[in-house]
Amino acid sequence: MPTYRPVPDADRETYQRMLDYAFQPEAGPQTYESDDDFSVDLADRRGLYDGDDLCCVCAHHWLTARVCGAWRDVAGLSAVASPPENRRRGLVGRLLRESIAEYRDRDVDFSALWPFDYGFYRRYGWATITRYTRYETTPEALALDTDRAGEFRRLDPDDWESLARVLRTHGENHALAVDRTEDWWRERTFDTWSDGDPYAYGWFRDGELRGYLVYTVDDGDDGKRLDVSDLAFADDEAYRHLLRFLHYHDSQVESVRFYEPANADLLDVVDDPRAVDCEIRTGPMFRLVDVPRALSRVADPDGRDADAEGRVVLEVTDPLVDWNEGTFALELDGEDASCTRTDAAPDVTTDVNALSQVVAGYHSVGEAERFGNLSVADADAGERLAALFPPREVFLREGF
């Protein structure tokens with residue numbers, strides 16, 4: 001039986017070949033002459049081995065993100081790849097199961113990923129938890145009636161702490177906002193997996209950075225496009241000045257594209273909303289790693305709605321791991337919270353997918369009943385669950 005273990009540096013070329021074939025087969029076979037030819041590696045490499053042969057691979061990012069109003073450990077699963085000769089053998093399913101087991105052993109209660117196919121990962125218990133808005137328009141459409149207050153300055157990776165302060169302010173109300181490390185700022189934000197390093201500029205007011213954007217300029221069939229990979233601002237004034245900065249590129253590019261949480265606020269900011277293409281798209285997926293342990297921890301009394309006090313019995317199914325299968329009593333009593341197995345009749349029946357969406361704040365309990373596999377048998381218990389997990393604006397922007 002294949003074994004799950006870390007991929008050592010000695011197998012890094014094989015690992016990289018699997019990633020190249022999986023994610024850019026159009027580039028053809030690659031040659032690697034030095035470590036510079038490999039992807040920047042901020043994650044832990046894992047693989048399934050049959051003896052000494054590497055069968056399929058993945059990577060784990062150990063993130064800190066805001067879940068249920070507090071900073072918590074989240075495992076970012078990425079780089080899941082299998083060569084064609086090893087597909088349709090159940091190896092990737094085994095790799096995912098072993099990955100969840102490792103997260104559990106490391107005391108991590110949540111996992112997130114960017115899917116190549118939503119249906120594929122839904123079958124293994126992950127569920128969509130992010131919508132975002134993609135705007136595309138001309139620079140001229142961003143010509144706002146605003147003053148020229150403050151100043152724009154070019155930024156570089158050494159400015160990461162100032163950018164981090166802006167991002168924390170911008171994302172303080174966003175569930176799944178990530179607390180980026182210095183390495184992440186340097187290797188991901190200022191790299192963006194592009195052919196060249198991106199530009200980064202900030203808007204300063206009274207010497208303080210209040211907003212920033214990171215972008216590249218691409219030359220396509222329809223002309224040059226300024227593509228913003230990261231944008232954050234401390235207040236509405238800073239936002240308007242960042243839009244002004246984009247407008248100033250009207251002599252250089254034909255279009256501008258950027259991303260924000262799932263809203264259409266820009267349409268109320270510009271003079272002609274019909275000049276802006278606005279598309280709502282789905283983003284990352286998310287799942288609970290250990291249901292009873294996670295529910296016990298996120299039911300922390302700080303800020304808990306008084307209506308959530310009491311008991312909710314949940315019957316949970318999980319297609320990937322058996323420790324989440326069964327019926328659990330979630331008990332909320334003052335300073336105490338616990339979630340343990342029980343033989344009691346369930347108040348709520350759900351799969352781990354729908355429950356994960358409720359915990360993340362992507363769906364309310366009512367929405368999970370409408371769109372997911374969640375049903376409420378006891379209305380009072382359903383209301384307690386809804387009070388414990390209110391809807392939140394979820395925006396996991398980091399790619400991994």
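Whatever comes next refers back to the structure up there.
Here the residue numbers are simple positions, counted from 1 along each chain's written sequence. Only residues with pLDDT of at least 70 get local features here, since the model is predicted, and only at 80 or more are side-chain atom pairs given and counted; chain-wide, interface and lining totals rely on the full set of residues. Water and hydrogen atoms were dropped before computing side-chain values, which therefore reflect all heavy atoms in the structure.

## Describing the packing of aromatic side chains
Two aromatic rings, drawn from Phe, Tyr or Trp (for Trp, its six-membered ring), form a pair once their centres lie within 6.5 Å of each other, and the interplanar angle then sorts them: stacked below 30 degrees, edge-to-face above 60, tilted otherwise. Counted by the stated rule, this structure contains 16 aromatic pairs. Summarising the aromatic geometry, the rings of F120 and Y121 are spaced 5.0 Å apart at their centres and angled 85° between planes, so their arrangement reads as edge-to-face. Burial here depends on accessible area, computed with a 1.4 Å probe over protein chains only, as a share of the maximum for the residue type. Under 20% is buried, over 50% is exposed, and the range in between is partly exposed. Take F120: its relative accessible area is 17%, and that puts it in the buried class. With 6.4 Å between their ring centres and 80° between their planes, F152 and Y248 make a pair best called edge-to-face. Here F152, found in strand 8 (residues 151-154), pairs with Y248, found in the loop between helix 6 (236-247) and strand 13 (255-261); they are 96 residues apart in sequence, far enough to count as distant. To qualify as a helix, a DSSP run of H or I must reach at least 4 residues; to qualify as a strand, a run of E must reach at least 2; elements of each kind are numbered from the N terminus.

## As for the pattern of salt bridges
Pairs may arise between side chains of opposite charge once their charged atoms sit close together. One speaks of a salt bridge when a side-chain nitrogen belonging to Lys or Arg is within 4 Å of a carboxyl oxygen belonging to Asp or Glu. Enumeration according to the criterion identifies 30 salt bridges in this entry. A salt bridge links E398 to R180, with the shortest nitrogen-to-oxygen separation between them at 2.6 Å. In this pair, E398 sits in the segment after strand 21 (393-394) while R180 sits in the loop between strand 9 (174-175) and helix 5 (182-189), placing the two residues 218 residues apart along the sequence. Here D318 ties to R287 by a salt bridge, and the two come within 2.4 Å at their closest N and O atoms. Separated by 31 residues along the polypeptide, D318 in the loop between strand 16 (310-317) and strand 17 (326-333) and R287 in strand 15 (residues 285-288) bring together distant segments of the chain. Relative accessible area serves as the criterion here: at 0%, R287 is assigned to the buried category. Sharing partners across several salt bridges, the network here consists of R205, E208, R210, D235 and E237.

## Some words on the layout of surface pockets
Reported here for the second largest pocket is a volume of approximately 430 Å³. A pocket, in this scheme, is an open set of points on a 1 Å grid over the protein atoms alone with protein on both sides within 12 Å along at least 5 of 7 lines, while a cavity is a set where a 1.4 Å probe fits but cannot get out; residues line either one if an atom lies within 4 Å of a point. Around the second largest pocket sit 17 residues that line it, and S82, R87, V92, F116 and F120 are the ones nearest its centre. Those elements that provide at least two residues to the lining of the second largest pocket are helix 1 (12-23), strand 4 (70-81), helix 2 (91-105) and helix 3 (118-122). The element contributing the most residues to the lining of the second largest pocket is helix 2, with three residues. Grid points are joined across faces, edges and corners, and a volume is the space filled by probe spheres set on the points.

## Thoughts on a negative patch on the surface
Grouping into patches uses exposed residues only, defined as over 30% relative accessible area, and leaves out salt-bridged ones; the cut-off is 9 Å for like charges and 5 Å for nonpolar side chains (Val, Leu, Ile, Met, Phe, Trp, Tyr). Computed with the Shrake-Rupley method and a 1.4 Å probe, the accessible areas treat only the protein chains shown as cover for residues. This count recognises Lys and Arg as positive and Asp and Glu as negative, with His and chain-terminal groups excluded. Positions of charges follow a simple convention, taking NZ of Lys, CZ of Arg, CG of Asp or CD of Glu. Judged by side-chain charge, E140, D218, D219, D221, D222, D250 and E254 come together as a negatively charged surface patch. Relative to the assigned elements, E254 resides in the loop between helix 6 and strand 13.

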